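# Examining the three-dimensional arrangement
The lines below spell out each chain.
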Amino acid sequence: MDWAASNAFKNFKDVEPKSMMEMGIIPHIDAGDIGLGSSDKGNAATTPPSTKPRKKTMTSVYLKFFETAPDGKSRRCKFCGQSYSIATATGNLGRHLGNRHPGYDKSGDVVTVSNPSPQPITVVRKHQSQAKASQVDYEHLNWLLVKWLALASLPPSTLEEMWLANSFKFLNPSIQLWPTEDYKKIFRDVLRSMQEVVRASMENVSSKLSITLDFWTSYERIFYMSVTCHWIDDNWSFQKAMLDVCHIPFPCGVVEIYNSLVKVLRLYNIETRILSCTHDNSQSALQNLDGQNVGHFCYIPCSAHTLSLIIDDGLRTIEQVIAKIREFVLCLNASSEISEEFTQLTAAYHEGTWKIPLDASTRWSGNYQMLDIVCKASKSMDAVIRKYEILGNRMLLSSVEKNAVNNVHRYLEPFYKTTNNMCTNKVPTVGLVLFFMDHISETIANCRDSHLYPELKNAAEDMAKKVRNYNSQVCNIFTYMTAILDPRIKGELIPESLNSDNFLEEARTHFIRNYSINHFPSMTGGYSNQEIEEGGNVSFAEEIARKKRRANTNNSSDELTQYLSEPPAPLATDVLEWWKVNSMRYPRLSVMARDFLAVQANSVAPEELFCGKGAEIDKQRFCMPHDTTQALLCIRSWLQSGMKLKYKTTEIDFERLMELATSADNHSSNAGSEKKQRQ
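Notes on the structure follow. Computed from a predicted model, the values in this text were never measured in an experiment. (Residues numbered from 1 in each chain as written. Predicted model: local features only at pLDDT ≥ 70, side-chain atom pairs only at ≥ 80, totals over all residues. Heavy atoms only, no water.)

## With respect to the overall build of the protein chain
The criterion, for reference: Counting from the N terminus, the helices are the DSSP runs of H or I reaching at least four residues and the strands are the DSSP runs of E reaching at least two. Under the scheme applied here, a residue whose accessible area is under 20% of the maximum for its type counts as buried, over 50% as exposed, and between as partly exposed, the area being computed with a 1.4 Å probe on protein chains only. When checking whether two residues touch, look at their non-hydrogen atoms; a contact exists if any pair is within 4.5 Å. The protein chains shown are the only cover counted for residues, whose accessible areas, like all others here, come from Shrake-Rupley with a 1.4 Å probe.
Counting its secondary structure elements, the protein chain contains 27 helices and 12 strands. Buried positions account for 49% of the 679 residues belonging to the protein chain. Counting only contacts in the protein chain whose residues sit at least 6 apart along the sequence, the fraction spanning at least 24 positions is 70%. For the protein chain, the computed accessible surface area is about 33300 Å², with 51% contributed by carbon and sulfur atoms.

If you want it as structure tokens, here you go:
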């Protein structure tokens, strides 16, 4: 549960209706809209009115905050519904109001009224019953739960858990959560509302778009595909937006994937603006997507998935040893005594500094951590295992096992550096990734031809096959153009298989045909002939310079030739910043670069594949029920990108809501302090 929601739950214990409803920060929702009801006590069955008159009438300032039951035998608090016997002393009623509803005697009736404009307005009415104000406070709580469920990717059925409901009742017995079906309806409405916002934003994008596809299967054996759109905005910043999460119908083949993809692209009216599609190449069905005519764009396999499969082949030779090391790490993480002992020993043996808890995930980051411990802290590990019987001697590694671990660690070190660079690089462009993959290919070839790693020879063969398969899919004119437009790569650092004169001529032809001066009349550069003839404010020297620039740009291929003739920028260069600065030098080529640099080398963020974070994401997606998967994942992605949660025509202002909740809690605390001082 996120910080905002947990703090809100605390603040709802003694909430003051006026403070919570000073502003219209949530839309007005009728009971018929989402099936809202009142609290259980508020709906208690009533008995016929008693005809027997009361002999004595009590008068007190507290009684106006209680309503007498029709049978005349009890009184019910208008705020929370708590019932008291009709004979209860008014002093006790006053204590109830002071403890449970501080500020009850200062607030008026606050009602939220819907306005024709997107934002509702708030009307404050004085000297009326406050019984309805508390109902709207619970509505605030329910909206906080909507955001919590979305960000945590939890289905609404989570709120049906008995002890969670009991926790809310402990804070305030009158709290009533919406029924599960109402939450589902809210999520469906929010999905449609926010989808419209995304669709409108896509219409304002002036450059080409690239998409990425990711696939997974849920516990219900339902096959899903997420579609995310990527582009570079006018300020040369990367942008992305999830478009949809699709259920791929049986038999989940290439035809079903293709039809689902086309449906999403048409929903957003972008099917003619797509430049490329990067897919999770672990799905064999997608290998045939190249034959499908979904617009005219290129399909690219995910380099991160390919690299992950290659690394798994290398780790397979010591799989059992890694499992033994992981058992030791899990025990170390679970015991503060053992972890403290390990830390002291590594310091004494000068075996490095280790951050506890150690990464024990089954992803590449965790597996490499297992190898690191044996290679860099072997003495400390052995000493800890021998000291604590709970670990058992079975965890001790033999000299043969240690030697195998050292060989694999040494061999896979370049892979670790590559994946670490991919995870931390701000702009992992196709050109940069192809540069790294070419290095990986050379590393595998050296291992296969070397006698230093005999136990890895078979694994190296399998790894080489995967590299060749990847290279065969990315070796085309499209990836060539994408690579050379990275100023760090150009033609010097791309793989040899891509570096050909034929590709260069094709790239030049594509540039002239699609990015020539005829397509960009506003990019002629300089002033118009009329402006120069009339003199204007242009100096004589500037006039000559402008004429020369226009003459030099008549042949649009000159920009590409000039760009490629210059040496590559340093690898630490910010690619987008480079193009932002140099766009005036290459007015047409920069437009092409803005289109092609948005092409993604990976279908998912590399850290989701190589780090423990990805395991948590996989676990969440696997456990999500079908009826809320699409809404929850899309809404979470949009919220994390900075969008506001929108319900129909209203944006929910959660920040303002939390400010009011905190203010109410502070008011309650101050009222309690004043009461103690009076006592």
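Having seen the structure, we can now continue with the description.
## Some words on the pairing of strand E2 (residues 74–77)
Where we set the bar: By the convention used here, strands pair only if DSSP detects at least 2 bridges between them.
Alternating positions in E2 separate cleanly, Arg75 and Cys77 being buried on one face and Ser74 and Arg76 remaining unburied on the opposite face. Summarising the sheet, strand E1 (residues 66–68) and E2 pair through 3 bridges and their orientation is antiparallel. From the neighbouring strand, phenylalanine 66 faces E2, where its bridge partner is cysteine 77. Hairpin geometry of E2 and strand E3 (residues 83–85) is characterised by an intervening segment of 5 residues between the two adjacent antiparallel strands and by a positive phi of about 85° at glycine 81.

## Section: the nonpolar core
Generally speaking, nonpolar side chains in soluble globular proteins are found buried as a group. Rule in force here: Only buried residues count toward a nonpolar core, which is a set of Ala, Val, Leu, Ile, Met, Phe, Trp, Tyr and Cys residues joined through side-chain atoms within 4.5 Å.
Of all hydrophobic cores here, the largest spans 95 residues; its most connected members are Phe328, Tyr411, Phe415, Ile444, Trp579 and Leu589. For this core, the element with the highest residue contribution is helix H15 (residues 430–449), accounting for 9 residues. If we ignore the near neighbours within four places in the chain, the residues touching phenylalanine 415 are Leu307, Ile310, Ile311, Trp364, Ile440, Thr443, Ile444 and Met463. By size, the runner-up hydrophobic cluster in this structure holds 67 residues, among which are Leu177, Val198, Leu209 and Leu633.

## Considerations on helix H4 (residues 90–100)
Cut-off, in case you're wondering: An arc is given here, and it is the one of the directions from the helix axis to the C-beta atoms.
Among all positions of H4, only Thr90, Leu93, Gly94, His96 and Leu97 are buried. The buried residues of H4 occupy an angular sector of 155° when the element is viewed end-on, so they sit on one face. Buried residues in H4 make contact with E1, E2 and E3.

## Considerations on the environment of isoleucine 211
Looking at where isoleucine 211 falls in the secondary structure, it is placed in strand E6 (residues 209–217). When the C-alpha positions of isoleucine 211 and methionine 242 are compared, they lie 9.3 Å apart, and in sequence the two are 31 residues distant. With residues up to four places along the chain from it excluded, the contact list for isoleucine 211 reads Thr228, Cys229, His230, Leu261, Leu265, Ile274, Ser276, Cys277 and Thr278.

## Brief notes about the pairing of strand E7 (residues 223–232)
With respect to burial, E7 is a largely interior element, 10 of its 10 residues being buried. What you see with E7 is no split at all: Phe223, Met225, Val227, Cys229 and Trp231 on one side and Tyr224, Ser226, Thr228, His230 and Ile232 on the other are buried throughout. Two strands pair when backbone bridges link them, and E6 and E7 are joined in this way by 8 bridges, in the antiparallel orientation. Pairing of threonine 217 across the sheet is with phenylalanine 223, part of E7. Count of turn residues in the E6/E7 antiparallel hairpin: 5 residues, of which arginine 221 carries a positive phi of about 65°. In terms of strand pairing, E7 meets strand E8 (residues 238–248) through 10 bridges, oriented antiparallel. Pairing of valine 227 across the sheet is with aspartate 244, part of E8.

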